[in-house]
Amino acid sequence: MRALVLAGGYDQIELIKQLKSRGYYVYLADYLDNPPAKLAADEFYRISTLDINGIKKLAEEKRVNIVITACTDQALLTVAVVSKELNLSCYISENTALNVTNKFYMKQILKMYNIKTAKYILLKDNKEINNVDIGGLKYPLVVKPADCNSSKGVVKVDDIDALQTSITSAFELSRSNKVIIEEYIDGVEISVDAWINNNEIIILSITKTIKHGFTIYSSVYDFNFMKKYMDKVKLILEKIASAFELNNIPILLQAIIAKEDIYVIEFSTRIGGGTKYKLIEYISNINIMKVFVDRVLENKTEKLIPKYNLNSCELDYIYADSGKITYLKNFELLKNKKIIVDYYFYKSLKNEIYSKKISSDRVAGILISSNDKNKLVDIRKKVFSTIKILDGDKNILYDYFEKI
């Protein structure tokens, strides 16, 4: 049996392991020369996961039994399209994949089914750049390319000049030549990971998302917070599942809580990225990657029964200044001393770091936990004063947003 995995990030290492444990020979495609998952695969090919024709050609040449991805967004459409054209099984249809990876279509369906989301307008062609009418929308506004991930091209603007510049940039990034302008909602951002099993919504985790701008710096879990909003979140996910015809599938929801109302930012039919599968397992005691692979390969639809962790925890992300990562120090020391639960390296040694603007720029993640949520601040400070990410000249590269 042969599988073609799209995207070679850290999260895909676990996907590849799950496939190999079932006897699959694994091919990996990624646009980078040396992605983290390269060594985990049997064979690697440098092809963009967005290159549908290139991926289809590789899948045909290798006579794969399945094309698959996990924990990444835009490659979902490639998986669905190539699977359909090669008559391979796939857990989502091409139409569903388009609707959940392109916010232009997603927004229209959310509105059609009265699912709360920010007020918006849609620009469907870059010919509209110089004739934008925002109607009754109020500043600040958020401009987004319809089909990018990792918050790429997402900008908050406060006036017409910034709006015009951001719209132009968003069109340059959008492959489908579509842009969204929506009102900015001030509130608490949450990330929800769930599973839809035989039309039942099973909440695996609800975490607060801490950002600097639109870059995620931390996912924070507190059982009482999750319990407070679980019923409301379930109702929203039930509406989404009905509107988009989703079943027996993972779902990742990003939303804003404002004055006790919950507004959908976006969602996807996937496991969250940034080692969220590890965080989900720590919170719910469910190995969601195993469940996902069972579903895709064997069409299993087992009922999941979470056993929620009562400890508070957070997954903190580390970003770095420009330079080449040469030394990663004291991570294992902190784990051995049980100061941290675990750590994850998203970049390989010798990787060049160019920016810290979007989520895919993150270098590492740290999972910390305590039975007293107030102690997490002290643990975090200790951790970030101990770890070191250095370049070849032993200059400190890492950065941390202290306003968490």
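Worth saying up front: this structure is predicted, and the values here are computed from it rather than measured.

Parameters and conventions
Residues numbered from 1 in each chain as written. Predicted model: local features only at pLDDT ≥ 70, side-chain atom pairs only at ≥ 80, totals over all residues. Heavy atoms only, no water. Patch = residues over 30% accessible without salt bridge, like charges linked within 9 Å, V, L, I, M, F, W, Y side chains within 5 Å. Areas by Shrake-Rupley, 256 points an atom, 1.4 Å probe, with all protein chains shown as cover. Salt bridge = Lys/Arg side-chain N within 4 Å of Asp/Glu carboxyl O. Lys, Arg positive; Asp, Glu negative; His and termini not counted. Charge placed at Lys NZ, Arg CZ, Asp CG, Glu CD. Helix = DSSP H or I, 4+ residues; strand = E, 2+ residues; numbered from the N terminus. Buried < 20%, exposed > 50% of the residue type's maximum accessible area, 1.4 Å probe, protein only. Core = buried A, V, L, I, M, F, W, Y, C linked by side-chain atoms within 4.5 Å. Contact = heavy atoms within 4.5 Å. Phe/Tyr/Trp six-rings, centres within 6.5 Å; stacked < 30°, edge-to-face > 60°. Lys NZ or Arg CZ within 6 Å of the ring centre and 35° of its normal.

Asks: Sorry, what's going on with a positive patch on the surface here?
Replies: A cluster of basic side chains, namely Lys-208, Lys-228, Lys-232 and Lys-373, defines a positive patch on the protein surface. Note that Lys-232 resides in helix H7 (residues 223-243). A residue is classified by how much of its surface remains accessible, and Lys-232, at 38% relative accessible area, is partly exposed.

Asks: Please clarify how the nonpolar core should be interpreted in this entry.
Replies: One broad trend across soluble globular proteins is that nonpolar side chains are buried collectively. Ranked by internal contacts, the top residues of the largest apolar core, which has 81 residues, are Ile-203, Val-233, Leu-237, Ile-240 and Leu-253. Top contributing element to this core by residue count: H7, with 10 residues. Residues in contact with Leu-253, not counting those within four places in the same chain, are Ile-190, Ser-191, Val-192, Val-233, Ile-236, Leu-237, Ile-240, Val-264, Glu-266 and Phe-267. By size, the runner-up hydrophobic cluster in this structure holds 21 residues, among which are Ile-353, Ile-379, Val-383 and Phe-384.

Asks: Honestly, the packing of aromatic side chains in this entry has me stumped. Any pointers?
Replies: Two aromatic rings are characterised by how far apart their centres lie and by the angle between their planes. The full count for this structure, using the stated rule, is 14 aromatic pairs. Between Tyr-25 and Tyr-27 the ring centres are 5.2 Å apart and the planes differ by 65°, which places this aromatic pair in the edge-to-face class. Taking 5.4 Å as the distance between ring centres and 85° as the angle between the ring planes, the aromatic pair formed by Tyr-91 and Phe-292 counts as edge-to-face. In this pair, Tyr-91 sits in the loop between helix H3 (75-85) and helix H4 (94-101) while Phe-292 sits in helix H9 (residues 288-298), placing the two residues 201 residues apart along the sequence. In terms of burial, Tyr-91 and Phe-292 fall into one category: buried. Put simply, the rings of Tyr-10, Tyr-317, Tyr-344 and Tyr-346 touch in pairs and so form one group of aromatic residues. Cation over ring: Lys-156 sits above Tyr-184, and NZ or CZ is 4.0 Å from the ring centre. Here the guanidinium or amino end of Lys-329 rests over the ring plane of Tyr-327, the centre of that ring lying 5.5 Å away.

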